[in-house]
Each structure stands twice: as structure tokens, then as C-alpha cells.
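The residues making up each chain are set out below.
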Amino acid sequence: MVQTKNIRISVFGEIDSGKSTLVLQYVQSQFVEEIDHHIQDIYTKRTEIDNEIYQIDILDVLDSDYGFDTRTEEMIADSDAAILVYSVLSERSFNSLIMKGVRVCSLLKHKDIPIILVGTKTDLEDLRQISANEGTQMAQEMGCVGFLECSAKTRYNVDQVFETTVRKVLSQREAEQKLPKEPATNSQEVETNPDQSQQEPSQQSIKPQAREIVLDRSAGPIKTTQNTDRCCIIV
Ligand SMILES: Nc1nc2c(ncn2[C@@H]2O[C@H](COP(=O)(O)OP(=O)(O)O)[C@@H](O)[C@H]2O)c(=O)[nH]1
Ligand SMILES: [Mg+2]
């Protein structure tokens, strides 16, 4: 009997950024135009990645400024990976991610899981507000282990978003088993969208301190200060 591995992924992002559409396109292979913004759901997909069968449970987290209920907090804390989604058409959804990243990490407490940054809606290129370079830079600043752009409408890179996430979970687990005392951040790299390889090197090492400063996992008060053109979070 083929053994199925289970991977739990939580998807975060501002309302209207395109989270649910992205998840549904991956799980059901369809672009659903109207999805209730007030629904939080878990979607499951059984799929083969690199000759292994996985059951991927995806929690489409309902965006909230007021925190999450206990059950949601438990499910987030139980995640193997997190995907932070913004719309490349919306500066607001992009800028809101730092705060969301901090909140996610505080819920994860000391658990170090891979976080992937995803810019979606690339099919509406004429309306783009956030360049791929800005996405790459944000991924580095936040200590994300991967960055991709995609379109749920055309299905561009949709499978890659989730497959990359699964591979990052596996490689991090493997690294932890081999080097239990090595901080995972030292070996993490940011992947850029293959289409943008002209603008950025395809692999870049992350500033080891970035994740510690911006996304400290320890519980405690979160303070925000202004730094250059973007909000800098000090936990
Ligand atoms: N053109 C285009 N529209 C998208 C894409 N992804 C989502 N949308 C639209 O963006 C709106 C918000 O999407 P939704 O998934 O509900 O956002 P959520 O609130 O983050 O879950 C909906 O009208 C979607 O049809 C995309 O890749 N391309
Ligand atoms: Mg939604």
C-alpha cells in the first residue's frame, strides 16, 4: 500500500488579495469568480509530488483585524508551512503582509516553519502596482524561504506555489534531522519567479538576522516604527 504523507498549509493575506481563488484553483482546477469573503475553510487535495503521494490540507484563513478564534489559532499553530498572499495589483495588500507575518509567527510560537510569499493576479499586468523585484525584496526582508508570482485566473504557477511549499517543508525537515542544532535560517534561500530571473539572481541568501528581527517567534508585545518607505516591525 502506498503511504500518504500529510502536509498542512495555512494561507494568509488581506481580504480580496486572491487567497480563496488561488486555493480553489489548485484544489478544484477552476477559477471561481465569486467567493464569499467571510468564509474560512479547509480544503484537501491528494496529489503526487516527486513520486510521493501527499494529502495536502489547506486552511484558507479568514483575514481579521481582531485576532482569530481558539480553533483557528490551534490550526495555524499546527501548520507545516504558511503562504502569505498579496495581489500584485494592490500596494495595500502588499504592505499589510509584514504585520500579518508577525501575527502568524507569534501564533506559531517557537515553531520554525517555511513561509512562502506569493504575489497573485499577474494576468492583469496593465494594472500591476508591485513589481517582482519588490516581491523578492520583501521575501528577503521577511525571511521567507520562497517567492513566486502566479495567476489563479490563467493557472500560471498555481501548482508551483503549493509544490514549492511542500518541497520546502520536506527539505527543512530533512535539514533539521541532519543538523538539529543548526538554525534553519542560515541555509534558507529565496527563489525568484523563473520569469524574473533577468532582474534578480535566481537564488539569494537571506540575511540571517531578518527573520529574527521582523518575525521573532517569541510571544510578546509588538511595536511598530516607521523605517524608510516601509513599515518596519520590531517584536
Ligand atoms: N484577474 C484575476 N482576478 C483574480 C485572481 N485571483 C483572484 N481574483 C479575483 O479577486 C477577487 C478576490 O479574490 P478572493 O479569492 O475572494 O480573495 P480573498 O478575499 O483573499 O480570499 C475575486 O473577485 C477574484 O475573482 C487572479 O489571479 N486574476
Ligand atoms: Mg477568501
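All residue numbers refer to position in the chain's written sequence, counted from 1. Think of it this way: whatever chain is written first is A, whatever ligand is written first is 1, and the rest follow in order. Per-residue local features of the predicted model are confined to residues with pLDDT of at least 70, and side-chain atom pairs are confined, for both listing and counting, to 80 or more; whole-chain, interface and lining totals are unaffected and use all residues.

**Side note on the overall build of the protein**
When its secondary structure is counted, the protein shows 7 helices and 10 strands. Expressed as a percentage of its 235 residues, the buried residues of the protein come to 38%. Segments assigned H or I by DSSP are reported as helices when at least four residues long, segments assigned E as strands when at least two residues long, and all are numbered from the N terminus. Residues with at least 20 neighbouring C-beta atoms inside 10 Å of their own are called buried, those with 12 or fewer are called exposed, and the rest are partly exposed, where every C-beta is derived from the backbone.

**Description of the packing of helix α1 (residues 19-28) against helix α6 (residues 158-178)**
All axes are obtained by fitting lines to C-alpha atoms, using only the stretch in contact for helices, and the reported angles, taken between N-to-C directions, cover 0 to 180 degrees. Closest axis-to-axis distance for the α1/α6 pair is 9 Å, and the angle between their directions is 90 degrees. Taken together, α1 and α6 sit at an angle that is classed as roughly perpendicular. Contacts between α1 and α6 involve Leu22, Gln25 and Tyr26 from the first element and Val158, Asp159 and Phe162 from the second. Angles below 35 degrees are treated as roughly parallel, those above 145 as roughly antiparallel, those between 65 and 115 as roughly perpendicular, and all remaining angles as oblique. By definition, residues are in contact whenever their C-beta atoms, placed on the basis of the backbone, come within 7 Å of each other.

**Here's the deal with the site of ligand 1**
Around ligand 1, the structure places 18 residues, and the nearest of them are Gly18, Lys19, Ser20, Thr21 and Lys153. Looking at the shell around ligand 1 element by element, the count peaks at 3 residues for α1. Under the scheme applied, nonpolar residues are Ala, Val, Leu, Ile, Met, Phe, Trp, Tyr, Cys and Pro; charged residues are Asp, Glu, Lys and Arg; polar residues are all the others, including Gly. Of the residues belonging to the shell around ligand 1, the class tally is 4 nonpolar, 8 polar and 6 charged. Residues are counted as near a molecule or strand when the C-beta atom, derived from backbone positions, lies within 6 Å of that molecule or strand.

**Notes on the sheet that holds strand β2 (residues 41-49)**
Note on pairing: DSSP must find at least two bridges between two strands before they are called paired. With respect to topology, 6 strands assemble into an open sheet ordered β2-β3-β1-β4-β5-β6, the strand pairing being mixed. Each end of this open sheet is capped by a strand with a single partner; those strands are β2 and β6 (146-149). Neighbour-to-neighbour, the strand axes of the sheet open up by a mean angle of 25 degrees, direction not taken into account. Bridging between strand β4 (residues 81-87) and strand β5 (residues 115-120) involves 6 bridges; their strand directions are parallel. What sits directly across from Ser87, in β5, is Thr120.

**Quick look at the environment of Asp57**
For Asp57, the location among the structural elements is in strand β3 (residues 52-60). Separated by 14 residues in the primary sequence, Asp57 and Tyr43 place their C-alpha atoms 5.7 Å from one another. Ignoring any residue separated from it by four or fewer positions in sequence, one finds Asp57 in contact with Asn6, Arg8, Ile42 and Thr44.

**Describing the nonpolar core**
What makes a nonpolar core is a set of buried Ala, Val, Leu, Ile, Met, Phe, Trp, Tyr and Cys residues, with links drawn between C-beta atoms within 7 Å. Within the largest apolar cluster, 43 residues are counted, with the highest numbers of intra-cluster contacts made by Val11, Ile83, Leu84, Leu117 and Val118. The residues contacting Leu84, other than those within four sequence positions of it, are Phe12, Gly13, Leu97, Lys100, Gly101, Ile115, Leu117 and Val118.

**Let's talk about helix α5 (residues 132-142)**
Residues lying three or four places apart along an α-helix face the same way, a consequence of the helix completing one turn every 3.6 residues. Among the 11 residues in α5, 8 count as buried, and that is most of the element. Looking at the residues trailing α5, positive phi occurs at Gly143, about 75 degrees.

**A short note on unusual backbone geometry**
One non-glycine residue with positive phi stands out, namely Asp16, at about 80 degrees. Along the chain, Asp16 turns up in the loop between β1 (4-13) and α1. Asp16 sits in the partly exposed class, given 15 other C-beta atoms within 10 Å. Despite not being glycine, Asn157 has its phi angle at roughly 65 degrees, a positive value. We classify Asn157 as buried; it has 22 C-beta atoms within 10 Å.

**With respect to the pairing of β4**
Most of β4 sits inside the fold, with 7 of its 7 residues counted as buried. Of the two faces of β4, the one lined by Ala81, Ile83, Val85 and Ser87 and the one lined by Ala82, Leu84 and Tyr86 are each fully buried. In this sheet, β4 lies alongside β1 in parallel orientation, the contact comprising 5 bridges. Looking at the pairing, Ser10 lines up with Ala82 of β4.

**Here's the deal with the packing of helix α2 (residues 70-77) against helix α4 (residues 97-108)**
Viewed as axis vectors pointing N to C, α2 and α4 meet at an angle of 85 degrees, and their least axial separation amounts to 8 Å. Viewed along their axes, α2 and α4 adopt a mutual orientation that is roughly perpendicular. Here α2 contributes Glu73, Ile76 and Ala77 to the contact with α4, which in turn contributes Val104, Leu107 and Leu108. Per-class residue counts for the contact of α2 with α4 are 5 nonpolar, no polar and 1 charged.

Just geometry here; none of it tells us what the structure is for.
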